Amino acid sequence: MRRLRPIHRTKGDPAPAIDHWLKWPLAVLLVLFVVALFWAREQAETLLFGLRLLEFGAALAVLLAAAYGGLVYQDQRRLAAREIAQSAAADDFWNPERLRRRVESLAEPYWRAVAAGDIVPLADCLSEDWRSYLAERLAAWRMNRTRPVLLDFAFRDATVVGLQDWLTAHRDRVTVRVDVQTSFHVSHLPSGELVEGIATSRPEQQLWTLARGEQDWLIAGIEVVGTAAAYRDCVVFRESA
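Residues numbered from 1 in each chain as written. Predicted model: local features only at pLDDT ≥ 70, side-chain atom pairs only at ≥ 80, totals over all residues. Heavy atoms only, no water.

Colleague: Account for the packing of aromatic side chains, with residues named and values stated.
Modeller: What the rule picks out here adds up to eight aromatic pairs. Between Trp94 and Trp217 the ring centres are 5.0 Å apart and the planes differ by 65°, which places this aromatic pair in the edge-to-face class. Residue Trp94 is found in the loop between helix H2 (41-90) and helix H3 (96-116), and its partner Trp217 is found in strand E8 (residues 217-225); the two are separated by 123 residues along the sequence. In this structure an aromatic cluster arises from ring pairing among Tyr110, Trp111, Phe184 and Trp208. (Phe/Tyr/Trp six-rings, centres within 6.5 Å; stacked < 30°, edge-to-face > 60°. Helix = DSSP H or I, 4+ residues; strand = E, 2+ residues; numbered from the N terminus.)

Colleague: So, the sheet that holds strand E5 (residues 185-188): which residues are in play, and what are the values?
Modeller: Spatial strand order, E2-E5-E6: three strands in an open sheet with antiparallel pairing. The two strands at the open ends of the sheet, each matched to only one other strand, are strand E2 (146-149) and strand E6 (194-197). Direction aside, the axes of adjacent strands within the sheet are offset by 10° on average. Relative to E2, helix H4 (residues 128-143) is tilted by about 120°, and along the sheet it contacts E2, E5 and E6. (Pairing = 2+ DSSP bridges. Axes fitted to C-alpha atoms, helices over the stretch in contact; angles between N-to-C directions. Contact = heavy atoms within 4.5 Å.)

Colleague: Go over H3, please, and point to the residues and values.
Modeller: With 21 residues, H3 ought to run about 30 Å at 1.5 Å a step, and its terminal C-alpha atoms sit 30 Å apart, in line with that. The sharpest bend along H3 comes to roughly 30°, located at Ala107, with the proline Pro109 sitting one to four residues further on. Two or three places before Glu97, at the opening of H3, Asn95 has a side-chain oxygen 2.8 Å from that residue's backbone nitrogen. Positive backbone phi, at 70°, marks Gly117, one or two positions downstream of H3. (Expected span 1.5 Å × (residues − 1). Bend = angle between axes of the 7 residues up to and from the residue. Polar contact = N/O pair within 3.5 Å; in protein donor to acceptor, adjacent residues only side chain to side chain.)

Colleague: Report on the sheet that holds strand E4 (residues 173-182), specifying residues and quantitative values.
Modeller: The mixed open sheet is built from six strands, whose spatial order is E1-E8-E7-E4-E3-E9. If you trace the sheet from one side to the other, it starts and ends with strand E1 (10-11) and strand E9 (236-238), each paired once. Note: E1 against E8, two bridges, orientation parallel. Within E8, the residue paired with Thr10 across the bridge is Val224. The sheet contacts of H3 involve strand E3 (153-165), E4, strand E7 (202-212) and E8, and relative to E3 the element is tilted by about 125°.

Colleague: Tell me about the nonpolar core, and please be specific about residues and values.
Modeller: Core analysis: the largest hydrophobic core is formed by 41 residues, its most contacted members being Tyr110, Val174, Trp208, Leu210 and Ile219. For this core, the secondary structure elements donating two or more residues are H2, H3, H4, E3, E4, E7 and E8. It is H3 that provides the largest number of residues to this core, a total of eight residues. Excluding residues within four positions of it along the chain, Leu210 makes contact with Leu99, Val103, Asp172, Arg173, Val174, Val176, Trp217, Leu218, Ile219 and Ala220. Core analysis: the next-biggest nonpolar cluster, separate from the first, contains seven residues, Tyr73, Leu207, Ala230 and Cys234 among them. (Core = buried A, V, L, I, M, F, W, Y, C linked by side-chain atoms within 4.5 Å. Buried < 20%, exposed > 50% of the residue type's maximum accessible area, 1.4 Å probe, protein only.)

Colleague: Hey, could you go over H4 for me, with residue numbers and the actual values?
Modeller: Along its 16 residues, H4 runs 23 Å from first to last C-alpha, staying within 8% of the 22 Å computed at 1.5 Å per residue. Residues of H4 that are buried: Trp130, Leu134, Arg137, Leu138, Ala140 and Trp141. Buried positions in H4, seen along its axis, are confined to an arc of 155° and lie on one side of it. Within H4, the exposed residues directed more than 90 degrees away from the buried face are Glu128, Glu136, Arg142 and Met143. Tucked inside the fold, the buried residues of H4 contact H3, E2, E5, E6 and E8. Of the residues one or two after H4, Arg145 is the one with positive phi, at around 60°. (Arc of directions from axis to C-beta.)

Structure follows, in structure tokens:
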């Protein structure tokens, strides 16, 4: 079976990098520890101390990464807030409260539609590219016997973290961090493989890309935030005349 791909990819996921840096030192220390058990008690105790230090270092790295992620997010949020205030002064389309209301009105209907495998009721709220992409991926899920599940969902907040304000209005884009409580996940029924999400209710941060439509903002893409690295591509740009 060809591996099924998620629709909403996780952006800034650190797991591969952490595995790469930690698995080999840990494996070497474990091997040396086992050898030392048959060699001398003193060496075994030394290596056990090394394993504990490695465990402490890994926990410290996780805490530092979380703190760094918070700083990156707050810095990106401040930068976007400053620029969007100037855009909104000239064009109410950019009003942050209007954006927040728009995202809040779409959040649950969007995820319910994806879970039902039917985006037709929401088609007018999607950009042409995202609508085509969703239709293609949902068809692949149906063909490969996957089951999306959404037992509970709650919108928490929406914050602008990026924008592209062009003189040619139809090119305008805005990136919004959306905080939700969700249980959305997708399972491949024949194998039991988890294709997307986690099979439990959890808080989740998402990055929504919205494109300017004729009447309102349209969903042009959604990704799940993994780490602060997700915000590195959140462009803040205002084209001047």
